[in-house]
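Overview (structure and organization)
Letter by letter, the chains look like this.
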Amino acid sequence: MKIESFTVKPKIPEKLLPLQEMAYNLWTSWNYEAQNLFIRLDYDSWIKSEQNPVKLLAQVSQSRLEKMANDDSYLAALDRVYHNFQKYLADDRWYQGSYDNLVAYFSMEYGLDVSLPIYSGGLGVLSGDHMKTASDLCLPVVGVGLLYRQGYFRQYLNQDGYQQEYYPEYDWYNMPVKLCLDKKNDPRKISVQMGDSLVFAQIWEVKVGKVSIYLLDTNVRENNDIDRKLTSSLYAGDRDTRIRQEILLGIGGIRALRKLGIYPAVTHMNEGHSAFLALERIRQLMEEEKLSFDEAFQVCWATNIFTTHTPVPAGNESFAIELVEKYLRNFIHDLGISWTDFMALGRDNPKHAQDPFCLTTFALKSSAYNNGVSKLHGVISRKMWQNIWYKLPEPEIPISHITNGVHPKTWLSPSMADLFDKYFGPRFTEEPSNLELWQRIDRISDEELWRNHERRREELVAYTRERIKKQLMRAEREDLARANADEMLSPYKLTISFARRFATYKRANLLMRDPERLIRLLSDKERPIQIIFAGKAHPLDGPGKDIIKEIYHFSQDPRVKGKILFIEDYDMTLAKYLTSGSDIWLNNPRRPLEASGTSGMKAAMNGVMNLSILDGWWDEAYSSDSGWAIGRGEEYDDHRLQDEIESKALYDLLEREVIPLFYNRGRDNLPRGWIHMMKNCIKRNGEQFSSNRMLLEYSNKYYLPALENFANLKANNYEKARNLTSYLHRLKSTWKNIRVLQIWADKDTLLTAGDTLTVKAQVNLDTLKPDDVVVQLYYGTLNSQGEINDAQTIDMVTLKKLETDAWEYQAEIQCNRTGRNGFSVRVLPEHADLIHFFIPGMIKWVKNP
């Protein structure tokens, strides 16, 4: 049966048309006054639409719209909010550069708002905060992703507490996205060849303040049934579906931007899912600029940024050789390189021909700028990927770190945001780059801050009760919903929350290791506590689901019923209530498996203090006057022993420090010690872990230099890119012949502090010239294994050419560090247009005789 489609729009009175414009811009998601306009329009429709302003406008009756169009009070509020919206779009902020060249940010998921459910958890919410902050700072950034018509799964628990999943179909024509249309009003589409199938995708736009995110959707008539389902859901399906989704994201994403007339100069891959974008960038440069593969690769490498989020090798995306060959063999053939050379780009060791193709490895090799997402994760990543840069000392592995951050305006509760506006001043909103304003928290009196926090706890308890009622009603327990839900939790008790993905390494059940001890804490009439759990396990993660079930069963114990709860279907709305209304944010992963974590940052900005293992972001954020640390950063091989030690440490902290401090009240009933820690928590973490700081770092360390690299390599018909490639070809052809022949010092091995040690070296450069390489003296103190610690380097000076192809070099060491020291000499590539000289496989050290 042939069906012709048409679209019906709501009939909005002229005076209310600004509502429609703002409904399609997610600026409303972090502006509570804007949200209140939609709530005032029709509260029931706001709830029914799941806080979706576009859907709300379609549901509100015409009579209600007409009534509000004649309400002077409502129109005055609308005019004020719309003025602020227009001012925001027009204002110039931190970035004052050109918008001729853009940075394209690629992510598999975006957690922007509950009204756009295309995220699963922390990675997506980080991407959403990244784009919101790019808008606040006026950065030349555009986003690319996929539009999943079923999003990520929705969660509920069965009668036994076991997680169940369902996948609702979303109607994108009633959501804050718009189809990108051509001049004929037809959807703009791209296509990507995947094996024997030509897959088509239409392009949708999401407005996020001043920036846009473009999402690809394969649910179009041109595709067969299998290909139409390619973007049906996030992180679902088999390996075949996953690789096709990631080809669509990477290759299709670049093509989508081109289809819209957007030519990104720089690409930023948020995790390795989009790594195939490098292939399409290279293909376009070869086709349009007539560059060779190697020349195009150099342009791509110098303008690629890769952020890794995974601290264990098994968590990185890898595909079997046959699967990669099935979908990319023809594409690689058209690029003119051998299949062997391509596969080598996805392997730590190019000689291991049977290894699968790892997207993280490919992303690292095709990007000049690589980073982990916390200081500790940077260390872990350098250790994990050091085999790519064989023989390069671990501290020099070119993977830096930029610690994650969160978007303050999204995650501050409305009452807290009002408090900050009052005491921080308008610059807090107008100057997001001014991080020092967080120091003004001390202007707020203890009384006002605490009353504000108590109201937020009351709001959390009220909202949690409503969620519990819905859970019970869904389970056809209406009797319990009416009788018991309003008695669950208390707005006056110390409230601990644990909300995140239920992976086993996050150990949500650590607190239940000693059930009787926990029951005593929950049942204490003088100093009671209450605990809220929320989070989803991956549909295929049986052990994660078992932990949820364990917590649910514990919560049904009559001795603690109503004092410990599991809230179903964790989403951004629940997250906002938990991170603003709790007293303690609990996190106890196995170190070092938490790359960063951001929920604790959201809590900290609201004055909710962290009680956490020293892992991820908390390893660098912890201070004894602003939160609590479980342990001292130990790592264990015996997990049972670890759980035993750390669960006891957790109980001890609760019993001896956390609970007493919360209930230690003066005559005014204020916990002054607690409030003092709250202020330190807000002050430190707000400044250090906001996404404003994060985006300033990305801009200064990566975005701006990469944009400059593009302009530099592109000039004069890519002259410098061609010259650099020619240099690298020459280098690779003779690198095997480069030798550090010998090294020696001018003094004995026993020296006095303050002495100068002159070191010389003879280096065979074969056909290369001294300007083609850098010869470095590498020195420092020695450890017990005779290895150099805390190494320093000095570029050695060329003294003379010897009779052979060897050259003599010299450098001096200032002997400032006493004890056992050592030195060596190495050779590395050097070229004015190389971003850095750490190229895999291109380092030569002096060998032992």
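Refer to the preceding data block for the structure.
Residues numbered from 1 in each chain as written. Predicted model: local features only at pLDDT ≥ 70, side-chain atom pairs only at ≥ 80, totals over all residues. Heavy atoms only, no water.

Here we come to the overall build of the protein. When helices and strands are tallied, the protein shows 28 helices and 28 strands. Seen along its three principal axes, the alpha-carbon backbone of the protein occupies a region of about 95 × 70 × 50 Å. Counting over 849 residues, the protein shows a buried share of 59%. Sequence-distant contacts in the protein: of pairs separated by 6 or more residues, those separated by 24 or more amount to 73%. If you sum the accessible surface of the protein, you get close to 35,900 Å²; carbon and sulfur atoms cover 48% of it. Computing the positive centroid from 108 side-chain charges and the negative centroid from 114, the protein places the two 1 Å apart. (Helix = DSSP H or I, 4+ residues; strand = E, 2+ residues; numbered from the N terminus. Buried < 20%, exposed > 50% of the residue type's maximum accessible area, 1.4 Å probe, protein only. Contact = heavy atoms within 4.5 Å. Areas by Shrake-Rupley, 256 points an atom, 1.4 Å probe, with all protein chains shown as cover. Lys, Arg positive; Asp, Glu negative; His and termini not counted. Charge placed at Lys NZ, Arg CZ, Asp CG, Glu CD.)

Quick look at the pairing of strand β3 (residues 154-157) now. Side-chain positions along a regular strand alternate between the two faces of the sheet. Pairing geometry for β3 and strand β4 (residues 163-166), over 4 bridges, is antiparallel. Among the inter-strand pairings, Arg154 is bridged to a residue of β4, identified as Tyr166. Between the antiparallel neighbours β3 and β4 lie 5 residues, among them Gly161 with a positive phi of about 80°. (Pairing = 2+ DSSP bridges.)

Before going further, it helps to spend a moment on the packing of helix α10 (residues 277-289) against helix α11 (residues 293-302). Contact geometry for α10 and α11: axes closest at 9 Å, N-to-C directions at 125°. In this view, α10 runs oblique relative to α11, as classed from their interaxial angle. For the pair α10 and α11, the sense of crossing is right-handed. Residues Ala278, Arg281, Ile282, Leu285 and Met286 of α10 form the contact with α11, whose own contacting residues are Phe293, Ala296, Phe297, Val299 and Cys300. When grouped by side-chain class, the residues that make up the contact of α10 with α11 number 9 nonpolar, no polar and 1 charged. (Axes fitted to C-alpha atoms, helices over the stretch in contact; angles between N-to-C directions. Parallel < 35°, antiparallel > 145°, perpendicular 65-115°, else oblique. Left-handed = near helix turned anticlockwise from the far one by under 90°. Nonpolar A, V, L, I, M, F, W, Y, C, P; charged D, E, K, R; others polar.)

In this section: the sheet that holds strand β27 (residues 821-829). Taken together, 4 strands build an open sheet; the order of strands is β24-β23-β27-β28 and the sheet is antiparallel. Two strands in the sheet have a free side with no partner beyond their single neighbour: β24 (788-795) and β28 (844-845). Two elements, strand β23 (residues 773-782) and β27, share 9 bridges in a ladder whose sense is antiparallel. Its bridge partner lying in β27, Gly780 is registered against Gly822.

Right, let's talk about the packing of helix α9 (residues 239-259) against helix α12 (residues 321-335) for a bit. Viewed as axis vectors pointing N to C, α9 and α12 meet at an angle of 25°, and their least axial separation amounts to 9 Å. The angle between α9 and α12 falls in the class roughly parallel. Of the two elements, α9 crosses α12, and the hand of that crossing is right-handed. In contact with Arg239, Asp240, Ile243, Arg244, Ile247, Ile251 and Arg255 of α9, α12 contributes Leu323, Val324, Lys326, Tyr327, Leu328 and Phe331. Among the residues forming the contact of α9 with α12, the class breakdown is 8 nonpolar, no polar and 5 charged.

The pairing of strands in a sheet happens through backbone hydrogen bonds and is either parallel or antiparallel. If you trace the 4 strands from one edge of the open sheet to the other, you get β21-β22-β26-β25, paired in antiparallel fashion. Looking at which strands have only one partner, the edges of the open sheet turn out to be β21 (739-745) and β25 (797-801). In this sheet, adjacent strand axes meet at a mean angle of 25° when their direction is disregarded. In the sheet, β25 pairs with strand β26 (residues 806-814) via 4 bridges, with the strands oriented antiparallel. The partner of Thr798 across the bridge, within β26, is Tyr809.

So, about helix α6 (residues 72-90). Counted at 1.5 Å a residue, the expected span for α6 with its 19 residues is 27 Å, and the 27 Å between its end C-alpha atoms agrees. Among the structural elements, α1 (17-23), α2 (32-41), α5 (62-68) and α7 (122-136) are those in contact with the buried residues of α6. The N-cap residue of α6 is Asp71: its side-chain oxygen and the backbone nitrogen of Ser73 are 3.0 Å apart. (Expected span 1.5 Å × (residues − 1). Polar contact = N/O pair within 3.5 Å; in protein donor to acceptor, adjacent residues only side chain to side chain.)

Take the environment of Lys563 next. By the element assignment, Lys563 lies in the loop between α22 (542-555) and β17 (564-567). For the pair formed by Lys563 and Met677, sequence separation is 114 residues and the distance between their alpha carbons is 25 Å. Excluding its chain neighbours within four sequence positions, the residues that come into contact with Lys563 are Leu489, Lys493, Leu522, Ser523, Gln530 and Ile531.

A few words on the nonpolar core. Within the largest apolar cluster, 183 residues are counted, with the highest numbers of intra-cluster contacts made by Leu16, Phe276, Leu328 and Phe342. Ranked by residues supplied to this core, first place goes to helix α28 (residues 691-734) with 16 residues. Ignoring any residue separated from it by four or fewer positions in sequence, one finds Leu16 in contact with Leu65, Met68, Ala69, Tyr74, Leu75 and Leu78. Formed by 95 residues, the second largest nonpolar core is a distinct cluster that contains Ile441, Trp585, Ala604 and Trp674. (Core = buried A, V, L, I, M, F, W, Y, C linked by side-chain atoms within 4.5 Å.)

By the definition in use, this model includes 53 salt bridges. When the shortest N-O distance is used, the salt bridge between Asp446 and Arg672 registers 3.0 Å. Of this pair, Asp446 sits in helix α19 (residues 446-474) while Arg672 sits in helix α27 (residues 672-688), placing them 226 residues apart in sequence. Its relative accessible area of 18% is what places Asp446 among the buried residues. Here Asp619 makes a salt bridge to Arg591, at a shortest N to O gap of 2.9 Å. Separated by 28 residues along the polypeptide, Asp619 in helix α25 (residues 618-621) and Arg591 in the loop between β18 (584-587) and α24 (599-605) bring together distant segments of the chain. By relative accessible area, Asp619 is classed as partly exposed at 30%. For Arg591, a relative accessible area of 15% corresponds to the buried category. (Salt bridge = Lys/Arg side-chain N within 4 Å of Asp/Glu carboxyl O.)

Attention now moves to the packing of aromatic side chains. For the coordinates displayed, the defined rule picks out 41 aromatic pairs. Judged by centre distance (6.4 Å) and plane angle (45°), the rings of Trp27 and Tyr88 are tilted. Highlighted residues: Trp27 in the loop between α1 and α2 and Tyr88 in helix α6, separated in sequence by 61 residues. Each member of the pair, Trp27 together with Tyr88, is buried. Seen from their ring centres, Tyr152 and Tyr235 are 6.4 Å apart, and the 85° between their planes marks the pair as edge-to-face. Of this pair, Tyr152 sits in the loop between β2 (141-146) and β3 while Tyr235 sits in the loop between α8 (225-228) and α9, and the two are 83 residues apart along the sequence. (Phe/Tyr/Trp six-rings, centres within 6.5 Å; stacked < 30°, edge-to-face > 60°.)

The linkage connecting Arg591 with the following residue, Pro592, adopts the cis geometry, with an omega of 5°. By the element assignment, Pro592 lies in the loop between β18 and α24. One non-glycine residue, Asn716, adopts positive backbone phi at about 55°. With respect to the helices and strands, the residue Asn716 is situated in helix α28. According to the relative accessible area criterion, Asn716 is exposed, its value standing at 63%.

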